[in-house]
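Topology and contacts: notes
The chain contents come next:
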Amino acid sequence: MPTNQIDRRLSIAPMMDHTDKHFRYFMRLLSKHAVLYTEMITTGALIHGDRKRFLEFNQIEHPLAIQLGGNNPANLAECAHIAESEGYDEVNLNIGCPSDRVQNGQFGACLMSNTELVSDCVNKIQSTVKIPVTVKTRIGIDEQDSYEFLEKFVNTVSVAGCNTFIIHARKALLSGLSPKQNREIPPLNYERVHKIKQQFPSLNITINGGFTELAQIKSQLEHVDGVMVGRAAYQNPFMLVQADKLLYEDDSPLQTREEILGKFKNYAVEQIESGFNIKSLTRHIIGLYQGQSGARKYRRMLSDAIPKELNACQYLDKVIQSVSRTPT
Ligand SMILES: Cc1cc2nc3c(=O)[nH]c(=O)nc-3n(C[C@H](O)[C@H](O)[C@H](O)COP(=O)(O)O)c2cc1C
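Because the structure is predicted, anything quoted here is derived from the model rather than measured. (Residues numbered from 1 in each chain as written. Predicted model: local features only at pLDDT ≥ 70, side-chain atom pairs only at ≥ 80, totals over all residues. Heavy atoms only, no water.)

**Digging into the packing of aromatic side chains**
Any aromatic ring pair is given by two values, namely how distant the centres are and how the planes are angled relative to each other. As a reminder of what qualifies: Think of it this way: a Phe, Tyr or Trp ring, Trp meaning its six-membered ring, pairs with another when their centres are within 6.5 Å, and the plane angle makes it stacked under 30 degrees, edge-to-face over 60, tilted otherwise. What counts as a helix is a DSSP run of H or I of at least four residues, what counts as a strand is a run of E of at least two, and both are numbered from the N terminus. With a 1.4 Å probe rolled over the protein chains alone, any residue whose accessible area is under 20% of its type maximum counts as buried; one over 50% counts as exposed, and the rest are partly exposed.
Within this structure, the stated rule accounts for 8 aromatic pairs. A centroid spacing of 3.7 Å and a plane angle of 15 degrees characterise the contact between Tyr25 and Tyr267, whose relative ring orientation is stacked. A residue pair is termed long-range when its members are at least 10 positions apart, and Tyr25 in helix α1 (residues 21-30) and Tyr267 in helix α12 (residues 257-273) qualify at 242 residues. For the residue pair Tyr25 and Tyr267, the accessibility class agrees, reading buried in each case. Here the aromatic rings of Phe57 and Tyr88 are separated by 4.9 Å at their centres, their planes lie at 65 degrees, and the arrangement is edge-to-face. Note that Phe57 is positioned in the loop between α3 (51-55) and β3 (64-69) and Tyr88 in the loop between α4 (73-86) and β4 (90-95), a separation of 31 residues in sequence. Each of the two residues, Phe57 as well as Tyr88, counts as buried.

The structure is reproduced here in structure tokens:
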């Protein structure tokens, strides 16, 4: 089993349609240390689809994990190999997504009840690549929601070669709830994840679900090795600005929103020149002024059509000027 040298105190969750390379770049401006994840990429999409689009990233994004969705050990291993060759630092297997599409493909959360297959997948990937193989899962599915069920899952899959688990601390209901409801309705049970860490102290355990403040994250680190943040990082990204200081004892000066925006602008202009649509970049920074007095104006400027007379650089300068004049 390869040694796992990634510092996992904080990670930003994989989120479909959100954690593309532009959002990850933005996250990296907020924290130099957080582990970043791609959206879930299915093995079929990676093997047969537009590989460059799925895998492209900026070097600044390291440490960077790819999340794979699938259930065929050979295909997963092939994808892991491709990702490793492209420079990814970790391969993560999705055992938590409850969507109908994913269930129809018989992967994601429903695999929790097939530990043998998950073990085969982990084993095959782990014997193909040198980078760490991790699993993101739930505390249970449907009626299979006892502590013993989770314990057996973690035990079996760890024996197969996975020493890092990211556990979304709520179960998934595989029928009757949408993926969104499955992130809200089943109750969170942090104690269960803490207990897994107590029982398997040599495993690296990251807890996920419902964290919105750094203080909560810091106190979770008394129980587990890492905390993964999803929605809050998207909706209120500036909550992360002190993450490096509070979680990693990194004394780099704290940045202002305007400084972050300025850096993102430079990146955006470069990306637009290489063919990306401006909205595909600016959509990720809409939450930056969340809770501030200028937030509405800022959001409106980013959502409205771009004035025809402005090029991308001028437009982004205008957005920055508008918030710079707003007391925050
Ligand atoms: C829009 C959206 C898309 C998501 N896509 C994925 C995904 O591709 N893979 C995955 O493992 N989890 C996915 N999730 C779940 C998150 O990774 C995370 O487990 C969940 O949101 C709970 O964490 P949070 O309360 O910090 O948001 C998604 C969540 C959201 C909101």
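**Description of the site of the ligand**
Where we set the bar: In this text, near means that some heavy atom of the residue lies within 4 Å of the molecule or strand in question. Counted as a polar contact is a pair of N or O atoms within 3.5 Å, where, for protein atoms, one must be capable of donating a hydrogen and the other of accepting one, and residues adjacent in sequence contribute only when both atoms are in side chains. Surface exposure here means Shrake-Rupley accessible area, sampled with a 1.4 Å probe, where a residue is shielded only by the protein chains that are shown. Gly is put with the polar residues, along with every residue not named as nonpolar or charged; the nonpolar set is Ala, Val, Leu, Ile, Met, Phe, Trp, Tyr, Cys and Pro, and the charged set is Asp, Glu, Lys and Arg.
Neighbouring the ligand are 17 residues; Gln67, Asn208, Gly210, Gly230 and Arg231 lie closest to it. Contact distances for the ligand include 2.8 Å between a nitrogen atom and a backbone N or O atom of Met16. A distance of 2.7 Å is found between an oxygen atom of the ligand and a backbone nitrogen or oxygen belonging to Gly210. Protein contact buries 90% of the 610 Å² of open area that the ligand shows by itself. Of the residues contributing to the shell around the ligand, the split by class is 6 nonpolar, 8 polar and 3 charged.

**Description of the pairing of strand β7 (residues 204-208)**
The following threshold applies: Here, strands pair whenever DSSP counts at least two bridges between them. The path from the first strand over the helix to the second decides the hand: if it runs clockwise while the strands point away from the viewer, the crossover is right-handed.
Taking burial as the measure, the 5 residues of β7 include 4 buried ones, the bulk of the element. Note: strand β6 (residues 164-168) against β7, 5 bridges, orientation parallel. Along β7, the bridge assignment pairs His168 with Asn208. Handedness of the crossover joining β6 and β7 through helix α8 (residues 190-199): right-handed. Two strands pair when backbone bridges link them, and β7 and strand β8 (residues 226-229) are joined in this way by 3 bridges, in the parallel orientation. Bridging across to β8, Thr206 finds its partner in Gly226.

**Focus on the sheet that holds strand β5 (residues 133-138)**
Defined as follows: To get an axis, a line is fitted to the C-alpha atoms, and for a helix only the part in contact is used. The angle between two axes follows their N-to-C directions and goes from 0 to 180 degrees. For this analysis, residues touch if any pair of their heavy atoms sits within 4.5 Å.
Judged by pairing direction, the barrel is parallel, and its 8 strands sit side by side in the order β1-β2-β3-β4-β5-β6-β7-β8 before closing back on the first. On average, each strand axis in the sheet is tilted by 25 degrees relative to the strand beside it, whichever way the strands run. Against the sheet, α8 touches β6 and β7, its axis set at about 175 degrees to β7.

**Focus on the pattern of salt bridges**
So the rule is basically this: Salt bridges, as used here, are contacts in which a Lys or Arg side-chain nitrogen is within 4 Å of a carboxyl oxygen on Asp or Glu.
Under the counting rule described, the total for this entry stands at 14 salt bridges. For Lys32, the salt bridge is made with Asp250, and the minimal N-O distance between the two is 3.6 Å. Separated by 218 residues along the polypeptide, Lys32 in the loop between α1 and β2 (35-42) and Asp250 in the loop between α11 (243-248) and α12 bring together distant segments of the chain. Lys52 is the salt-bridge partner of Glu56, the closest N and O atoms lying 3.0 Å from each other. Through salt bridges that share partners, Asp7, Arg9 and Glu249 make up one connected network.

**So, the domain arrangement of the chain**
Test applied: Where a domain begins and ends is set by an automatic assignment or by a domain database. The term buried area means the drop in 1.4 Å probe accessible area that two parts suffer when joined, counted for both and summed.
According to the domain assignment, the chain consists of domain 1 (10-248) and domain 2 (257-324). Taken together, the 18 residues of domain 1 in the interface contact 15 residues of domain 2. Both sides of the domain 1 and domain 2 interface together cover about 1,500 Å² of buried area, and 61% of this is carbon and sulfur. Counting the surface domain 1 buries against domain 2, the share from its top three residues, His22, Phe26 and Phe238, is 39%. Linking domain 1 to domain 2 there are 2 salt bridges. Residue Asp20 pairs with Arg283 through a salt bridge whose shortest N-O separation is 3.6 Å. Here domain 1 and domain 2 share 5 residue pairs in polar contact (both at pLDDT 80 or more) between them. Secondary-structure elements contributing two or more residues to the side of domain 1 that touches domain 2 are α1 and α10 (231-235). The element contributing the most residues to the side of domain 1 that touches domain 2 is α1, with 7 residues. Each residue belonging to the side of domain 1 that touches domain 2 can be placed in one class, and the counts come to 9 nonpolar, 5 polar and 4 charged.

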